[in-house]
Amino acid sequence: MAPKPCPRDEELERPQKRRNTGPPAEAQVCSLSEASGAAGSSEGPRFPADSPAFDDMPFGELDPMGPSSLREDTTDVSSTPTTRGGRRIRPTWKVRDALPAAPGELDEPRRESPASRDGDMRSAHPTRRIVLLLTETMRTAVNRFGLKSWYKRRPTQPPRVGIDLNECYAPIADAAVAKKSRRPIAEIISPFPNLSSFRFAHHFWLAGDKKSVSDREAMQELITQVDFEPSDLKGVDFKKLDAQLASDESTPWTGARGGWEKSSVTIGVPTGEKSTQASRRAANNARMRAERREHVEDIPAEHPIPGAHFTVDGFWHKNLCSVIKDTLSSDPAARDFVFDPCFLEYQGPHSNGSAERVYGEMYNSEVFVNEDIRLQNSPREPGCDLPRAIAGLMFWSDATHVSQFGQSKVWPNYMYFANQSKYVRARPSAEAAHHVAYFASLPDDIQDFVRGLNKGKAATAQLLTHCRRELFQAAWALLLDTEFMHAYEHGIVIDYYPEKVLIATLRDKGRCPCPRCLVTMDCVPQLGTSEDRAVRETLARKDDAERQLQVSAARDLIYKDGYVVNSEKVDELLKEHSLIPTENTFSERLLRFRVNFFLLLVVDLLHEFELGVWKALFAHLIRILEAHNMELVHELNLRFRLVPAFGRSTIRDFAANVSEMKRMAARDFEDILQCAIPCFEGLLPPDHDNTILSLLYVMAYWHGLAKMRQHTDTSLASLDSTTTVLGVHLRYFTYTTCEAFATKETEAECAARQRAEARQSAGQGIHIPSTPAQSKGRRSRKFNLATVKAHMLGHYVQFIREVGSTDSYSTQLGELEHRRVKARYRRTNQRKTNDQLVKIDVRQTRMQQMAHELRDQGVDVPGPSARNAAPTEQLPYMRPEEHDHIAAEEKNVLYLRDWTAAHPDDPAVKYFVRDLKIHLRERLSSSHPVPEDMPLIIQHDRIYQHAIVHINYTTYDLQRDQDLINPRIGKSTIMVHTPNTPPYPWAYASVLGVFHANVMPPRVSQPVHMEFLWVRWMSHDVDATHGPSVKRLERISFDPLLSRDAFGFVDPGHVIRACHLIPAFAHGRVNSNSIACDAEGDWRHYYVNRFVDRDMFTRFAGLGIGHLNVRAQDIEVMTSETDLTTSERTGPAHEELPVRDEGDEDDVHSAELDEDKGSMFSIMGDMWRNFQTIIDTGYSRNDNSPLTTLPYRTRKMHELYRVLLKIAPSIPAELQARGPQGSMQIAKLLEKGRASQRSTDTYTLKSAIFHWHHFEPNVVINAKQTRGFNHPEFGRMLCPAGYDWSDPKVQEGLLNGSKTYPAGSMDWPVFLWENEQVDNDDLHRGFLRSTWIVKALQHILLGPSAALPKNANEDEASKAKANHGKSRKPRAVIHGVRNITTGAIAYGAALIHFAFSSQEIMGVGDGPGKFNYGNFHHSLVQEMDEGMSPAEREDLLSWYTHLVLGSQDDYCSADEDQENSDGRPHLSVAARMRAQKAATRAANSTTSGGPPLGHRNGN
């Protein structure tokens, strides 16, 4: 029997309403500069150990059963109940979402001593005044989610205890932004004479610039209003009213035009001449001549402007202080602004009794709280005792195209208040953006001005860029005027609301590689490494007098000495730190307040990641597919088209051709990333396919973490570690996968480049032939990891800790506000655009204020027309506290008897009625129990079908959201609550139908209305692992149709939320014949899209505060141990692997293509390079083209192809027989054998070396951590040549990975030299004549016994034989190996290095504690190929051939399967003689110290 259902959410009480607390009548903000300049500063938050634990806190009135019921369930789900017919019942549980709640009431305050709080306070200087920052710590009670607020001072207003659920309920949140007003209606709508005329004008200006059907309906609603009188419009001059509104003077501080001012900006243009009295006189004459043509007044600047003065007219801007006063005094939204900043703490089930910080809102950030403390501890202004608080200003500026055709641009500057909740600020309907400026662009006649100065010579691109920078900074100098700077220092008084100006953040387009640190471009790809972190911390940018002096000196060179902007003399001063010769307005205004303006520039997730790193990666993945097979691009487009939509525009239907990336915004690239893994799966060869799938997983994982709206210390630690993993995967992809493909521009990229070249050449007056031969073709295009956008990803963790989650300052807010600007532009006549935009802004702003106040008075004012969704998507009104909603109508009747008779053989319908009655009986067992011997009656034997069910749920960041389940349009997959089923407390099901029935229980006169969902269950694919450890999505599939428990019923109250499934396209479809299946057949598997939104992502990651009992039981961890090689995927090298039996193979030269050919190529050819690239390159080679004309990489591919043909000569025939996919299929087969060989050899060699040599001190064979630089002997042999291992500093540096003593893949270790002796004056002497490599190759090619010393006892021989397996022919004989190759030498060297090292897995990844064996192998081969002469190389190969193989005919002839009593192979007399000869030659070489490698003198 299923457990008793929990109380329905309708029976739960609503949370307490917010207290009506008014603000202080008057407030003033005093000096911040003295607080900022104090010697001490308050340290970060500390969490006391005695904070109440999560398990001790009550859930409150919303959960009658208490928190223990959410965690302690005594039901034994392991013993699955069954019906009398034997069908397994899937037990599910009621979803008990706790509704969002604010932290509790304040506890008693505790005064903290300055000594215990200000741990980072600098030591006192005898002549310096120290200001101690006193705090009064206050905490609220912990709420049901484990959250509490921590104030560092007593708040001026009581904390918010209750919350309005409508404000955090996504479906209706936009309607909850109106506030209250009490002015008379006539005063509100002035200058409109009556309400009807106002409504008419409101519809024109605010109901959209383009009219549609919805606008027609809005007009119909308007004119049919009860109090709308058409006669009131007679005689109303709306043009005159528009003019009055445009010159609005409604408030005493805004002035005319709503506070807008039009100014001229003067900049200095370098003349290129050394400043002399004659040159200044000539420049003045030129300027006067220019002004005669069009006179523009030269406004005197605050400071003298060097160079020739050029004035730009038309800079519209507002006075910032006026905007602040107007907003905080009259904007109804300001009543919810937060002026008492506090930290937010979280005590969850994994907190172990301690609290961790929560990062979300800006006013909960460390910067905001600590700056508020400094303000409160700063000296007051004389005679001022008003409360003081901070107002955080956030600026956003970016130029945007406003015309669909043409080049018309507008450059607005928006200002937001950080005191406003980001959830309100992010809604366009909240109108939180304040337009404070429209930047003027550099006019075209600047060229005429410069030509007049330079005797007809036009301005260079560098000079124009410099002038644009000067114009931008000069415009900001007007915004940060004297009044603003006085308010910043001394504060301003505002009625009703306190305010203190603090510029919390600023958005600007920096010109330097990184505006946050001094990283150099060559270090940019090292994202996430220890070196990268050190650069960010130790080389952080700072603004100081030295930087200002550098810029000033450069400007003197330009303006006084006549140097050009980009001259070498100027670069000598500025190039080192990537500075520019432009004075920064923020530095000039704010440096005296110790404000580092570099910290004002925040990260930009939208442009840096979604439109930056991810867009570049996706574009290169398209190039790789085109390089491999153009048909794969079409397959990718098809797969994306088959991805189902999800949510209310969460995932939209993809464009027909995603690969073309036409007209895509950031949200489109975000959708592509979230759905990319199943679409790319299986398109490329296995090695590269696995690499790309892992990279896509890590990219999506990082994006999900970085875009979370609420962080904790735990989630930030996860983001930090994921950044490291992302850097590793990006580098591996760049240096390995990208190198395997000859990628070129796509057709679209090629066409775009040619158009750009044509425009550039036309602008320079260069004639281009109509068909240039070199530009018609597609150029080579590589993936570029060395970009500033990639580097900025490493700064996100620190930014979130300082100023809150990224959605607070996302540029998405400004991009959405651009829509408003573009809509206004369409109302202009495209002449003097900024002037008209200002007038429209004044009109619309004033009318919006009127509309808000009228609604407060109860007057119905139709709002802006909403772009409604499709009819099936329209949301009914549901109370936020409700969990689910199904319509009550009974239109669509389903008669059970007729319906089941119509599908007699369908397994989905066969047991429908019986299973339905069992389900309903179980649900009625608590309220209306039905005895098992009595039938359950469904009234009239019919049920009622519905199209949609709506599910409300609490999100991870304590908001309420809604999912729509509609089986008819494919939105049908749900997560059903099943606690105590690790790792996730849910099961998956596909909803086939939404129904309700009227059930007649026994002894009840009225039927009971019961809602249910008919579902088809889905189960986890046991053959597929998932999660961050393997970097794969969870794979599920439908239960078999004929399975007795494939179908069932679910109470809607047990649904957690909807989920997004993407077909596993690579696995194909299965045939099915049922009304429950897709007409084309079900997909064999589906992937659960955990990245579809942040709420879903945090459920899987276990990081959602608001999820309580409906999230993963354990918190996920993304470690830096990455799976980057095929050998690691098939099994780590330190695990025991099966050894293949080759003893029965008689055909030594078998032409059959199998895995064994790949394993042999791993030894004799190459252990890492991509097989398909080798085959495609070698097979398509033109035999008439000499190899010497090719680059080394291509030439090496051809050589490896020849080696491969010797091992597998049937490859050309196989390629012809298999068709276009032949190379991919052959490569997959060979790679499987190579991976197995690598894994086997690494495993056997790590123990075999102990049979060859006794290491002191003793080593635990299976504990690799005791090897490497942790062991004196292993460390000595791994020590790079040139280091003195006997030096303790060298040992310590190598052990700790110090940059002083690098030990990378190119820092070759001493074991590569003969007898481990290195001649630093002649490094070639004895290089690669290593007996360790010889023994490794003997072990691999001839068997373990062949590598044993001559004095090895019988026990050692038997152990070696046991480790290797049964007696078999040596591999050298099976494959007819006659000579040792350079690849075999490098293979042996790599295996010995791995056996000596402490690294657990052999891979090709870089990073801390990782050794790149791919680079090590390739560097040794390249040294032998290109660093040695042919004679030297031949001598080295002969040396190895004699020592390893003796002669080609010695092993395993007619009697080679015989063994001596010691277990060694029996050798013929001839073989022993040849072996003795080889030993004598080796002994002579050892005695004489060995000749220089290859006899470099040519002997």
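Conventions adopted
Residues numbered from 1 in each chain as written. Predicted model: local features only at pLDDT ≥ 70, side-chain atom pairs only at ≥ 80, totals over all residues. Heavy atoms only, no water. Helix = DSSP H or I, 4+ residues; strand = E, 2+ residues; numbered from the N terminus. Buried < 20%, exposed > 50% of the residue type's maximum accessible area, 1.4 Å probe, protein only. Contact = heavy atoms within 4.5 Å. Axes fitted to C-alpha atoms, helices over the stretch in contact; angles between N-to-C directions. Parallel < 35°, antiparallel > 145°, perpendicular 65-115°, else oblique. Left-handed = near helix turned anticlockwise from the far one by under 90°. Nonpolar A, V, L, I, M, F, W, Y, C, P; charged D, E, K, R; others polar. Expected span 1.5 Å × (residues − 1). Pairing = 2+ DSSP bridges. pLDDT = per-residue confidence, 0-100. Polar contact = N/O pair within 3.5 Å; in protein donor to acceptor, adjacent residues only side chain to side chain. Salt bridge = Lys/Arg side-chain N within 4 Å of Asp/Glu carboxyl O. Core = buried A, V, L, I, M, F, W, Y, C linked by side-chain atoms within 4.5 Å. Phe/Tyr/Trp six-rings, centres within 6.5 Å; stacked < 30°, edge-to-face > 60°. Lys NZ or Arg CZ within 6 Å of the ring centre and 35° of its normal. Lys, Arg positive; Asp, Glu negative; His and termini not counted.

Observations concerning the overall build of the protein
When its secondary structure is counted, the protein shows 48 helices and 32 strands. Counting across all 1499 residues of the protein, residues that qualify as buried make up 54%. Counting only contacts in the protein whose residues sit at least 6 apart along the sequence, the fraction spanning at least 24 positions is 75%.

A word on the environment of Gln844
Note that Gln844 resides in helix 29 (residues 833-856). Here Gln844 falls in the buried class, since its relative accessible area comes to 6%. With 20 residues separating them in the primary sequence, Gln844 and Arg824 have C-alpha atoms 9.7 Å apart.

Here we look at the packing of helix 20 (residues 630-642) against helix 21 (residues 666-680)
Any two packed helices are characterised by how steeply their axes cross, that is the angle between the axes, and by the distance between the axes. Interhelical geometry of helix 20 versus helix 21 gives an angle of 120° and a closest axis separation of 10 Å. Viewed along their axes, helix 20 and helix 21 adopt a mutual orientation that is oblique. Handedness of the crossing formed by helix 20 with helix 21: right-handed. Contacts from Leu636, Arg639 and Phe640 in helix 20 reach Ile672, Cys675, Ala676, Pro678, Cys679 and Phe680 in helix 21. Of the residues assigned to the contact of helix 20 with helix 21, the class counts are eight nonpolar, no polar and one charged.

Some points on helix 29
Helical geometry: 3.6 residues make up each α-helical turn, so side chains three or four residues apart lie on a common side. In a regular helix each residue adds 1.5 Å, so 24 residues correspond to 34 Å; helix 29 covers 35 Å between its end C-alpha atoms and thus fits that length. Counting buried positions along helix 29 gives 19 out of 24 residues, so the element sits mostly inside the fold. Positive phi shows up at Gly858, right after helix 29, with a value of about 90°.

Describing the sheet that holds strand 22 (residues 960-965)
Strands sit in the order 17-21-22 across an open sheet of three strands; the sheet is antiparallel. Among the strands making up the open sheet, the edge pair consists of strand 17 (884-885) and strand 22.

With respect to unusual backbone geometry
The amide bond that connects Pro982 to the next residue, Pro983, takes the cis arrangement and shows omega of 5°. Summarising the element assignment, Pro983 is placed in the loop between strand 23 (973-977) and strand 24 (986-1000). The peptide bond linking Glu1256 to Pro1257 adopts the cis configuration, its omega dihedral lying at -5°. Along the chain, the position of Pro1257 falls in the loop between helix 39 (1222-1252) and helix 40 (1272-1278). Positive phi is not limited to glycine here, since His940 has a value of about 60°. Within the secondary structure, His940 sits in the loop between strand 19 (937-938) and strand 20 (942-946). The class for His940 is exposed, based on a relative accessible area of 52%. Positive phi, normally seen in glycine, also occurs at Leu1108, with a value near 50°.

A look at the confidence of the model for the protein
Regions with low pLDDT carry predicted coordinates that are not meant to be interpreted in detail. Of the residues in the protein, 74% reach a pLDDT of 70 or more, and the chain-wide mean stands at 76. Every residue in residues 1121-1151 scores below 50 in pLDDT, and together they form 87 contacts with partners more than four places removed in sequence or on other chains. Confidence over residues 1447-1474 falls short of pLDDT 50; this stretch has 36 contacts with residues more than four positions distant or in other chains.

Focus on helix 9 (residues 320-330)
Judged by how many residues are buried, helix 9 sits mostly within the fold: eight of eleven residues are covered. Considered for burial, the residues of helix 9 that qualify are Leu320, Cys321, Ser322, Val323, Ile324, Asp326, Thr327 and Leu328. One side-chain oxygen at the N-terminal end of helix 9 lies 3.0 Å from the backbone nitrogen of Cys321; it belongs to Asn319.

Structural notes on the pattern of salt bridges
Side-chain pairs of opposite charge can arise whenever the charged atoms involved come near each other. Taken as a whole and assessed by the stated rule, the structure comprises 53 salt bridges. Ionic pairing is found between Arg1099 and Asp1095, a salt bridge with its closest N-O pair at 3.1 Å. Linking Arg1099 with Asp1095, this pair stays in helix 33 (residues 1094-1101), spanning four residues, or about one helical turn. Asp1095 sits in the buried class, given a relative accessible area of 5%. The partner of Glu1231 in a salt bridge is Arg1238, with the nearest N and O atoms 3.8 Å apart. Owing to a relative accessible area of 5%, Glu1231 belongs among the buried residues under this scheme. Among the ionic contacts, a cluster of salt bridges with common partners joins Asp963, Arg1057, Asp1093, Asp1095 and Arg1099.

Here's the deal with the nonpolar core
Among the nonpolar cores identified, the biggest contains 140 residues, and Trp614, Phe680 and Met699 are the most heavily contacted of them. Here this core gets twelve residues from one element, more than from any other, and that element is helix 22 (residues 686-706). Discounting chain neighbours no more than four positions away, the residues touching Met699 are Phe609, Val613, Trp614, Leu617, Leu673, Leu726 and Leu730.

Observations regarding the packing of aromatic side chains
For the structure shown, the criterion picks out 57 aromatic pairs. With a centroid separation of 5.5 Å and an interplanar angle of 80°, the aromatic rings of Phe1038 and Tyr1086 are classed as edge-to-face. Here Phe1038 is found in strand 26 (residues 1035-1038), whereas its partner Tyr1086 is found in strand 32 (residues 1086-1088), with 48 residues between them in sequence. Residue class for Tyr1086 comes out buried when judged on its relative accessible area of 11%. Through successive ring pairs, a cluster of aromatic residues spans Phe315, Phe395, Trp411, Phe439, Phe472, Trp476 and Phe586. Here the guanidinium or amino end of Arg139 rests over the ring plane of Trp150, the centre of that ring lying 4.5 Å away. Seen from the ring of Phe1394, Lys1264 lies directly overhead, with NZ or CZ sitting 3.6 Å from the centre.

Concerning the side chain of Arg1111
For Arg1111, the position within the fold is in the loop between helix 33 and helix 34 (1126-1130). In this structure Arg1111 is buried but unpaired, with Glu356 as the nearest side chain of opposite charge at 8.6 Å. A distance of 3.4 Å separates polar atoms of two side chains, one belonging to Arg1111 and the other to Tyr346.

Considering the side chain of Thr327
Among the structural elements, Thr327 can be located in helix 9. Residue Thr327 is classed as buried on the basis of its relative accessible area, which comes to 4%. Of note is the side chain of Thr327, whose polar atom sits 2.8 Å from the backbone oxygen of Val323. Those residues within four positions of Thr327 in sequence are excluded, and the remaining contacts are Ala334, Phe337, Phe417 and His434.

Observations concerning the pairing of strand 22
Most of strand 22 is tucked away, with five of its six residues classed as buried. Linking strand 21 (residues 949-954) to strand 22, which pair antiparallel, is a turn of five residues; within it Leu958 sits at a positive phi near 65°.

Let's talk about the pairing of strand 4 (residues 147-151)
Among the five residues of strand 4, five are classified as buried, and the element is accordingly described as predominantly covered. Where burial is concerned, the two faces of strand 4 agree: the one with Leu147, Ser149 and Tyr151 and the one with Lys148 and Trp150 are both buried. Of the strand pairs in this sheet, strand 4 and strand 7 (residues 343-346) are connected by four bridges, and their pairing is antiparallel. Of the residues in strand 7, the one forming a bridge with Ser149 is Leu344.

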